[in-house]
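# Descriptive analysis of the structure
Residue strings, one per chain:
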Amino acid sequence: MVDNGLNSIVSRGRCLGVDPDVFFPEGENDKAEQDSPAIKEAKAICDLCRVQVECLEWAIASREKEGIRGGRTSFERRQIVRQRGRGTRTSKRA
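Remember, it's a predicted structure, so these values are computed and weren't measured experimentally.

### What to know about the overall build of the chain
In terms of helices and strands, the chain carries four helices and zero strands. Each helix and strand of the chain, ordered N terminal to C terminal, gives the series α-α-α-α. Nonlocal contacts in the chain, meaning residues at least 24 apart in sequence, comprise 52% of its contacts between residues at least 6 apart. Summed over all atoms, the accessible surface of the chain reaches about 6,700 Å², with 50% contributed by carbon and sulfur.

Structural data, given as structure tokens:
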């Protein structure tokens, strides 16, 4: 079942009415496939979407493991999470 938060986002997004399979292309978890035509097609839909950031933040917060959300693949979202984690660590040295 789809999360109500995601339903709210999709109802306002460019993806409304688009075949959901577009956002689950083969290879989206694979670093080598990040520039595939199928992934580019899904990202193009997200590119000008007014809820792109909200969608991306929802996917990160809910730890969505598959699919293109907010214009980012699951591989790219994991990179964002790691980068944010490194950015929030503080040094214990004074």
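### A few points about the side chain of E28
Tracing the backbone through its elements, the reader meets E28 in the loop between α1 (4–10) and α2 (37–47). Buried charged residue E28 carries no salt bridge. Nearest counter-charge: R77, at 5.3 Å. In this structure the side chain of E28 is engaged in a polar contact, spanning 2.6 Å, whose partner is the backbone nitrogen of G67.

### So, unusual backbone geometry
A negative phi angle is the norm for most residues apart from glycine, just as the trans form is the norm for most peptide bonds. In this structure, R63 takes a positive phi of about 55° despite not being glycine. Judged by relative accessible area, R63 falls into the exposed class, the value being 67%.

### Here's the deal with the pattern of salt bridges
Scanning the model with the defined rule gives four salt bridges in all. In this structure, K43 and E76 form a salt bridge, with 2.7 Å as the shortest nitrogen-oxygen distance. Of the two residues, K43 sits in helix α2 while E76 sits in helix α4 (residues 74–88), which places them 33 residues apart along the sequence. Judged by relative accessible area, which is 16%, E76 ranks as buried. With a closest N to O distance of 2.6 Å, R84 and E57 form a salt bridge. Placement of the pair is R84 in helix α4 and E57 in helix α3 (residues 52–61), with a sequence separation of 27 residues.

### A short note on the environment of C55
Mapped onto the elements, C55 comes out in helix α3. A relative accessible area of 11% means that C55 is categorised as buried. Sequence separation between C55 and G70 is 15 residues; the distance between their C-alpha atoms is 4.7 Å.

### Considering the state of the cysteines
This model, assessed by the stated rule, comprises zero disulfides. C49 forms no disulfide, and the closest cysteine sulfur to it belongs to C15, at a distance of 6.1 Å.

### Thoughts on α2
Restricting attention to buried positions, one finds in α2 the residues I39, A42, K43, I45 and C46. Down the axis of α2, the sector holding all buried residues measures 150°, keeping them to one side.

Conventions we followed
Residues numbered from 1 in each chain as written. Predicted model: local features only at pLDDT ≥ 70, side-chain atom pairs only at ≥ 80, totals over all residues. Heavy atoms only, no water. Helix = DSSP H or I, 4+ residues; strand = E, 2+ residues; numbered from the N terminus. Contact = heavy atoms within 4.5 Å. Areas by Shrake-Rupley, 256 points an atom, 1.4 Å probe, with all protein chains shown as cover. Buried < 20%, exposed > 50% of the residue type's maximum accessible area, 1.4 Å probe, protein only. Lys, Arg positive; Asp, Glu negative; His and termini not counted. Salt bridge = Lys/Arg side-chain N within 4 Å of Asp/Glu carboxyl O. Polar contact = N/O pair within 3.5 Å; in protein donor to acceptor, adjacent residues only side chain to side chain. Disulfide = S-S within 2.5 Å. Arc of directions from axis to C-beta.

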